[in-house]
Amino acid sequence: MATVDKAIRSAPLHSENAWQLAWRRLRRHRLAMVSLVVLVLLILMAIFAPYIAPHDPTAQPRGAGLRAMYFQAPSATHLLGTDDLGRDVLSRLIYGSRVSLLVGFLAAFSSVMVGTVLGALAGYFSGRPLRFYVGPLAREAGAWRGSFAVWRVLSWGLYYGALYMVATVAWTLSEDAVRIGVAGEWTTNNILSAVGLVGTWLAVAWAAWRGVTARFRLDVDIVISRLIDFMLTLPGLPILLVLSAILRDPRSPVGNWMYAVFGNAQSVVIIVLILVIFGWITTARLVRGSILSLREREFTTAAESLGASQGSIVFKHLVPNAAAPIIVEGTLQVGIAILVEAALSFLGFGIQPPVSTWGNMLTNAQTYIFFAPWLAFPPGIMIVITVLSINFLGDGLRDALDPHRRQT
Amino acid sequence: MFTYIVRRLSQMLPLLFFASVAIFSLVALQPGDPLDALRMANPTMTQEQFEALRRGHGLDQPIYVRYFRWLGRAVQGDMGRSRTYGVPAAQFIFQERLPRTLILTITSLTIALLVAIPVGIFSAVRQYSAGDYAVTFFSFVGLSTPNFFLGILLMYLFVIYLPETFGFRALPAGGIPNLMLSDLETGRVTLGEYLRQWATYLVLPVFTLATGSMASWTRFMRASMLEVLNQDYVRTARSKGLNERKVLYKHALRNGLIPIVTLVGLSMPSLFNGALITETIFSYPGMGRAIFDALVNKDFNVAMAALIFIAILVVFFNLVADVMYAVVDPRIRYD
Amino acid sequence: MTRFFRAIVLVAFLGAALAGPQDNSLVVGASQEPVVLGDLLNVLGSQAIASEVEIYLYAGLYRVNLDGALEPDLVTEVATVENGRVVITGTPEEGQRAEISLTLRDDIAWSDGQPITTADVAFTFEMTRAPGFPQTTDFYDRRMVEVQDDRNFTVIVEPAQSSDFVGSPLDGPLPEHIMGAGWDALQQATAGLDPETAAAQFVDAYREFFSDLGSSAAINEGRTVYSGPFMPTRWTPGSALQMTRNPEFHNHPDDQDAYVQTVEYRFITDTNALQFSVVTGAVDVTGSVSITFDQALSPQLRARAADRYDIWFIPSPVWEHLDINQFSNVQQVADNQLDDIRTRQAIIHAIDRQAMSEALFDGLQPVSHSNTSPFDPIYNPDVPQYEYDPERSMELLAELGWTRGGDGILQRTTADGRNVRFELEYVTTAGNAVRERQQQFIAEDLRQVGIDVRINNAPSNVVFSSDFINRAYDGAWTGMFMFAWVSSQGASLNAQTYLCESAPRPENNYSGQNAGGACSPRYDELRNQAVVELDLAASLPIYQEMQAVFAEELLAIPLIFRSNPIVVSQGVVNYVTSTFNRGYGYPPYRPELLGWAQNGATQELDQSAYASQLED
């Protein structure tokens, strides 16, 4: 088995040589290299914020003459001036990079992970429906592996649970009308409701009977593709409103749990969640396309014929070969996440003060754009620089990782 | 092709059904009650009266009952009244807000395309020239600048700083001109004046809004032209000695535009979506603000009308983009 | 350099600055747009900006003048016991009955020339009594109207309360000859319905009725008539509302041509954009819903003010405070002992409100010690005051069993043996920069005595939704909630907000405005005595005692009274307001007197008597 794996690993890009080649190409991309250096510096800045920041980012001055300490223009003590509460802008900026970069990388990483898994499943199993449901008394050829046996039992629960739901919903919807009808008042509406109820129940009964011996197969690709279509129709804003309300509500168990686990970081988690809900789609589409073509390649057939498990084929052999577009997509997502965090702050759904992020610093600064314009530039420029570097790096990576693209 | 379109259309209905269920649940699950505003205006309203009102509006019913009631009315074209404005929700969205948003978004789209296509071509043809680097750099800057940062900077620059320093008449800081379409019919303003006034109000928001798409479309145009220019048939055409101009416009451009067509097709729904942040900064009463306000004020009917309308557009333009793709690119076949 | 700069500024704005006086118009900048106008009975909701615009469009029976006193508007004189127009019978214990007799002026007419008569007054009152009418307030439940003839009518209030004599005895009037037919049709259409079971249909019908008369479309079609000095002629939604002088108004100045002929409200919802519009001269004056306090205070706005505009700060009856969750069934409340008065004392002692007022607001938004405005006639200047005293605060906290932990935050062991940190949730409206700034100032002060403040803000519609603010009992918010109450004089006499029974609990289905559940039996007792005492001289000491109880027992933590900034271009005369002008301080006092000095309008009112400016 080991030799087989080795043989398969020698696919392009996955060998040491391919990565070295890519690195060599990337090194020649000057803008990308500069960006990489900038990003590394930014990350170091975030990590070592307490050692770099000249002041405490949340400390407010106290004592006499407070007014003069607010909105100070840049000076030797406060290199970037002070904000509306006399806090050092430079220190806030340095600390702000922590949350902004954390949100950016965490959201990008999670969206790419989710997108890759779903996209890979969709691509690999496209046209190869999976056993989704096998009734308790169905005759099923082939061996039952441990995990599938568990799923099989679980699926009965899901199937009959869903039927039960349909039956109850039908009853609740028509209950009043039918009661009135039974009491003797058979209006058209009541009759229709009753007919609908009886019809639905008959259908449910039939499905329940069929379910005993039925076998259903499901094309994962169709499910995921339709899910993507569906996600595209969903508006982001109400999802944000509902999610942040539910996740922040201390009365709900979810909200309680969120607070217990994440504490003050819960707003970071909420923002990351929102970003992931919409961020996985592009990756999934991308990965699905790559996998669809990769699974027809010889190395896949070889692995299949040698009896490698489907999981290992997908995640050990196919996904690494689709790494290039995934990495590029990941960089783009980081940029998007940082911009969205800023936009959410602008709408009042950002990270809670006094924690500083570039987004909430910029939002706060726009209130004072007229009399303290210097407040807006540091966070604004930091966002631009970071996102710019990430985009340049992504561009460089695209060139470097794409074997078809030649550089002159 | 025909069967493909029919199949896609038949998939649209269930998709829209599920979308409407999801959107309805999201809007309905929001914290707070749609009658909060009414209750706040009437602090002495008793709890019994409030409960009676909730019952009357069916708000005490389970969510799926409310959904089917809403659906029943919606398919008959009745989107209900706006709880905030008192006018029919459809009238508010489609007659008042939508035209205004379209003025803003279509202008931005047009300007973005007018800039992105030629600049992208230029950048691709002169790959690795100084001009190309400049275009690349600026398009990345455009992509990386938060919309509201750009908007506020522009506002400060063109409304305060430049006019004060150089002494010219400032652009309006925000809002929209006091003009109605009927003013043209009644002759209150001439067409020229009408357009001039709108133009002064639109400059800043349009520029703010256009920057992002301009930058990204320039990138795409450049990439897709590069792709095409490296294709064999272009090289063949060149080696045949056809003049460069002809190669470029006759052979390369047609194919290079394909991905842009798809992109523009897919971004069509966002034209109707409005641009929440740009609209907020420039006090522009468009769809973005309307949807946001409707959601936070729990103006249920308005939010549903607008969101469902946009969901329909998304589904429709997805289809259009796919079909267009097949039309412009004969290599693609749907079966 | 500055002179050069100023010269350039002048050149830049010459064009814009002259537009107002040239055609004798006035542009008012507002950051909100009315939804409908003429909804004087608040069927569709109450909106500050609509109330402000309605000052131009409608005359009332009385109006509140710049000194907070009542003046006759459509009636001949204000009814008092002295002039015999108010007759009170009964006793405070058993309930009193007040008969208020009024006479309409004989020179008043709607903008279409129809006289304003008692039919209009009676019609407006009758609307509020209709079945299922949403504005079913206690105010109307206690009233009856009897019409003697075209001019004379009597309002009977039973049982009468002290707050019944500080405003108009009735809202309106609205025009019967325009609205009557539609109203009758509405009544017929809803005749068969039961107000109990069909409440929603009723409300929808009434809402439709008012929005069909006051929406932008209705106003552009001229569907209704007005009684005020101006009438709307054009409303472009999202842009502007234009009003011109109402030729039928009874109280125009004699040489009215010298005064402003059209007033245009410009709606610029973003306050930054609005502020820039002020600077460029695109708006002449700002209203009450306009630029923020911080913006008005900004040196840059002031630097451009010389010779161009004045910035006034009008003390307003808007009271910023912290409601504290005092429902002891909530775990965090019990842990932090927020229901113990000593905790609230420790909190208020820890906050340097004076320094905050000076540092953040240049002292223009004064510290408050109770919930009553210093400009309110019942104000008590001698209530107990909790000064900034962090030592005392820490002593109180130590008394309550708190000790500082290693992280500088207070800790204690509860009766059931748990170790808790003093972690205090602090909620306010996100997006209100002025408020969020105060919040962070206060949070820092509290941190210094060892209270770990956890800020949890959301946009105003979210935090003010009934299942958030009114659910402190369920722990929707567990600590402090910073917001403001606007109190008219009537509201401060009625004093319902902080009654024990106003606390939203499951028993009353979470209704009531006492969001934190504060409860003081002494306060309740005084209040119930005061409201039935109709002689203000007699009730004054009780009201003052109430404020003292409020301040001492800290039913809520008082912070500051707001100031409303308005910007008035130089040359504009009589654009003047005060704390209680027209009830809530909205400008202007008398729109008919608005004018430009350069066009010969005479200045009759002086803003400096009612507001302050920032000294340079």
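Predicted, not measured: the structure shown is a model, and the values here were computed from it.

Conventions adopted
Residues numbered from 1 in each chain as written. Chains lettered and ligands numbered in written order. Predicted model: local features only at pLDDT ≥ 70, side-chain atom pairs only at ≥ 80, totals over all residues. Heavy atoms only, no water. Core = buried A, V, L, I, M, F, W, Y, C linked by side-chain atoms within 4.5 Å. Buried < 20%, exposed > 50% of the residue type's maximum accessible area, 1.4 Å probe, protein only. Contact = heavy atoms within 4.5 Å. Disulfide = S-S within 2.5 Å. Helix = DSSP H or I, 4+ residues; strand = E, 2+ residues; numbered from the N terminus. Pairing = 2+ DSSP bridges. Axes fitted to C-alpha atoms, helices over the stretch in contact; angles between N-to-C directions. pLDDT = per-residue confidence, 0-100.

1. With respect to the nonpolar core
- Counting residues in hydrophobic clusters, the biggest one holds 252 residues, and the most contacted among them are B:W70, C:F276, C:I347, C:L446 and C:I451.
- Here C:L446 is in contact with C:I347, C:A350, C:I351, C:L424, C:I451, C:V453 and C:M480, once residues within four sequence places are set aside.
- In this structure, C:Y62, C:I116, C:A205 and C:I219 belong to the second largest nonpolar core, which totals 75 residues.

2. Considerations on the state of the cysteines
All names here are of chain C.
- Scanning the model with the defined rule gives one disulfide over all chains in all.
- What pairs with C500 in a disulfide is C519, and their sulfur atoms sit 2.0 Å apart. Of note, the bridge from C500 to C519 carries an S-S torsion of about 95 degrees and is right-handed in sense. Separated by 19 residues along the polypeptide, C500 in the loop between α18 (489-494) and α19 (521-531) and C519 in the loop between α18 and α19 bring together distant segments of the chain.
- Residue classification places C519 among the partly exposed positions, given a relative accessible area of 45%.

3. Some details on the sheet that holds strand β7 (residues 152-157) of chain C
Residues and elements named next belong to chain C.
- Reading across the sheet, the four strands line up as β4-β5-β7-β6 and stay open at both edges, with antiparallel pairing between neighbours. A single partner strand is all that each edge strand has here, and the edge strands are β4 (86-91) and β6 (143-147). Pairwise comparison of adjacent strand axes, ignoring direction, gives a mean angle of 15 degrees for this sheet.
- As paired strands, strand β5 (residues 95-103) and β7 are joined by six bridges and run antiparallel to one another. The residue bridging E99 from the neighbouring strand is I156, located in β7.

4. A word on the confidence of the model for chain B
Residue and element names in this part refer to chain B.
- A residue-level look at chain B finds 94% of positions with pLDDT of 70 or above and a mean pLDDT of 84.
- No element of chain B has a lower mean pLDDT than helix α2 (residues 36-41), at 68, and none a higher one than helix α5 (residues 89-125), at 91.
- The ipTM for the predicted assembly is 0.86, set against a pTM of 0.86.

5. A few points about unusual backbone geometry
- A cis amide bond links A:P353 with the next residue in sequence, A:P354, at an omega value of 5 degrees.
- Structurally, the position occupied by A:P354 is in the loop between α15 (323-346) and α16 (358-367).
- Following C:E158, the chain continues into C:P159 via a peptide bond in cis, with omega recorded as -5 degrees.
- Within the fold, C:P159 resides in the loop between β7 and α5 (176-189).

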